[in-house]
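Observations on chain architecture
Each chain is listed here by its residues.
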Amino acid sequence: MAVLQWGTLIVCGIATLVRVPDAVRGHNRAVFGILFLATVCSLLSIPEPYSAIDRVLGGWNLANLLLRFIVFGMVFLVGLRLSKGLGAARARRLITGPAGRWGLAAACLAVTATFLLMDTGGSSAGLEAHSDDSTLNAALAPLYAAAGRSYPALVSLILLPPLVAAIMTRLPWLVRAGAALTLLGAAAAIASVPASFAPGQWDSARMLVNYVAVLGYVLGLLAFWFSGQISRPGHNTPATFLKK
């Protein structure tokens, strides 16, 4: 699992660095921001750097709560860029409209409420050491995890139809590959919500689902970008949009 954690961080870091030149030139800095936030999330998912950062914040696992809000912001940006890049006006309206706003507000409220109700003293990445500290923590830990994954699952659910549609078109193969990778990430993000309630012996599988979600989205965006680099000027595809 440590290999998967550090491997995800390395992939996210490389994807972010690849986008630096374009970001410096002012080309689609939002995608650079998404990849940078994904790198930060990956860093905060690794026990050693997580503990060091959380100790600076007081050692009450505020870093974990911060991680949830960073994920929400990253997912919102992903939804905006992909829905526009894929020409999915309905998906964009759902994400930015009342359904998306209420979904985000409910997720933020649920995450904050469950975090405040739990005993979170002592840094522990993913709150793993606190999931069975007490009857209350044992009951709230899966609810907290599910709440943190609910908004990414909502946005992923909204993006499923345009992603499937992109795969079924005759767009360049790299664009369709990007859509397929993103679809894999979206499916994993949706599956991560019920996986939050899996018994303890399924911890490794649950973590695998979470990392597949991150890697699917990051590699999908990277594939879109590479396709944009080699596409013909003026050829209007999701890849060229993500390149701009």
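The rules behind each value
Residues numbered from 1 in each chain as written. Predicted model: local features only at pLDDT ≥ 70, side-chain atom pairs only at ≥ 80, totals over all residues. Heavy atoms only, no water. Helix = DSSP H or I, 4+ residues; strand = E, 2+ residues; numbered from the N terminus. Rg over C-alpha atoms; globule rule 2.2 N^0.38 Å. Buried < 20%, exposed > 50% of the residue type's maximum accessible area, 1.4 Å probe, protein only. Areas by Shrake-Rupley, 256 points an atom, 1.4 Å probe, with all protein chains shown as cover. Lys, Arg positive; Asp, Glu negative; His and termini not counted. Charge placed at Lys NZ, Arg CZ, Asp CG, Glu CD. Axes fitted to C-alpha atoms, helices over the stretch in contact; angles between N-to-C directions. Parallel < 35°, antiparallel > 145°, perpendicular 65-115°, else oblique. Left-handed = near helix turned anticlockwise from the far one by under 90°. Contact = heavy atoms within 4.5 Å. Nonpolar A, V, L, I, M, F, W, Y, C, P; charged D, E, K, R; others polar. Core = buried A, V, L, I, M, F, W, Y, C linked by side-chain atoms within 4.5 Å. Polar contact = N/O pair within 3.5 Å; in protein donor to acceptor, adjacent residues only side chain to side chain. Patch = residues over 30% accessible without salt bridge, like charges linked within 9 Å, V, L, I, M, F, W, Y side chains within 5 Å. Salt bridge = Lys/Arg side-chain N within 4 Å of Asp/Glu carboxyl O. Phe/Tyr/Trp six-rings, centres within 6.5 Å; stacked < 30°, edge-to-face > 60°. Expected span 1.5 Å × (residues − 1). 1 Å grid on protein atoms, 1.4 Å probe; cavity = no way out; pocket = protein on both sides within 12 Å on 5 of 7 lines; lining within 4 Å. Points joined across faces, edges and corners; volume = space filled by probe spheres on them.

**Description of the overall build of the chain**
- Looking only at helices and strands, the chain features ten helices and zero strands.
- Element order for the chain, N to C, with α for helix and β for strand: α-α-α-α-α-α-α-α-α-α.
- Taken against the 2.2 N^0.38 rule, which gives 18 Å for 244 residues, the C-alpha radius of gyration of the chain at 18 Å falls within 12% of a compact globule.
- The principal-axis extent of the C-alpha atoms belonging to the chain is close to 60 × 35 × 30 Å.
- Counting over 244 residues, the chain shows a buried share of 46%.
- On the chain, roughly 11600 Å² of surface is accessible, and the fraction owed to carbon and sulfur atoms is 72%.
- The chain carries 18 positive and 8 negative side-chain charges, and their two centres are separated by 28 Å.

**Digging into the packing of helix α1 (residues 2-24) against helix α2 (residues 29-44)**
- Contact pair α1 / α2: the axes reach a minimum separation of 8 Å and the direction vectors enclose 155°. By the angle between their axes, α1 is roughly antiparallel relative to α2. When you trace α1 past α2, the crossing you get is left-handed. Of α2, the residues touching α1 (which contributes Thr8, Leu9, Cys12, Gly13, Ala15, Thr16, Arg19, Val20, Ala23 and Val24) are Arg29, Val31, Phe32, Leu35, Phe36, Ala38, Thr39, Ser42 and Leu43.
- Residues that form the contact of α1 with α2 fall into these classes: twelve nonpolar, five polar and two charged.

**Digging into the nonpolar core**
- Counting 49 residues, the largest nonpolar core has Leu82, Ile95, Tyr144, Tyr151 and Leu159 as its most contacted members.
- Residue assignment for this core shows that the elements contributing at least two residues are α1, α2, α4 (62-85), α5 (89-96), α6 (98-117), α7 (135-167), α8 (173-195) and α9 (203-230).
- Of all the elements, α4 adds the most residues to this core, at eleven residues.

**Points about the environment of Tyr144**
- You can see Tyr144 is positioned in helix α7.
- For the pair Tyr144 and Asp119, spaced 25 residues apart in sequence, the C-alpha to C-alpha distance is 12 Å.
- Those residues within four positions of Tyr144 in sequence are excluded, and the remaining contacts are Asn64, Leu65, Arg68, Val111, Thr114, Phe115, Met118 and Leu127.

**Details of the side chain of Asn61**
- Checked against the element boundaries, Asn61 lands in the loop between α3 (47-56) and α4.
- A distance of 2.7 Å separates a polar atom in the side chain of Asn61 from a polar atom in the side chain of Tyr50.

**Describing a nonpolar patch on the surface**
- A surface patch of nonpolar side chains, amounting to about 510 Å² of accessible area, comprises Leu43, Ile53, Leu57, Trp60, Leu62 and Leu66.
- As for its placement among the helices and strands, Leu57 is situated in the loop between α3 and α4.

**Considering the environment of Gly87**
- One can find Gly87 in the loop between α4 and α5.
- By relative accessible area, Gly87 is classed as exposed at 61%.
- Sequence separation of Gly87 and Val75 is twelve residues, and the distance between their C-alpha atoms is 18 Å.

**Structural notes on the packing of aromatic side chains**
- For the structure on display, the rule yields five aromatic pairs.
- Each ring, one from Phe69 and one from Phe72, has its centre 6.2 Å from the other, and the planes form 75°; the classification is edge-to-face. Of this pair, Phe69 and Phe72 are both found in helix α4, three residues apart, which corresponds to roughly one turn of the helix.
- The exposure class of Phe72 is buried, given its relative accessible area of 2%.

**Structural notes on α8**
- For α8, with 23 residues, the first-to-last C-alpha span of 32 Å sits near the 33 Å given by 1.5 Å per residue.
- Within α8 the residues assigned to the buried category are Leu174, Val175, Gly178, Ala179, Thr182, Gly185, Ala186, Ala188, Ala189, Ser192 and Ala195.

**Details of the layout of surface pockets**
- A volume near 1100 Å³ is recorded for the largest pocket.
- The element contributing the most residues to the lining of the largest pocket is α7, with eleven residues.
- For the lining of the largest pocket, the class distribution of residues is 32 nonpolar, twelve polar and five charged.

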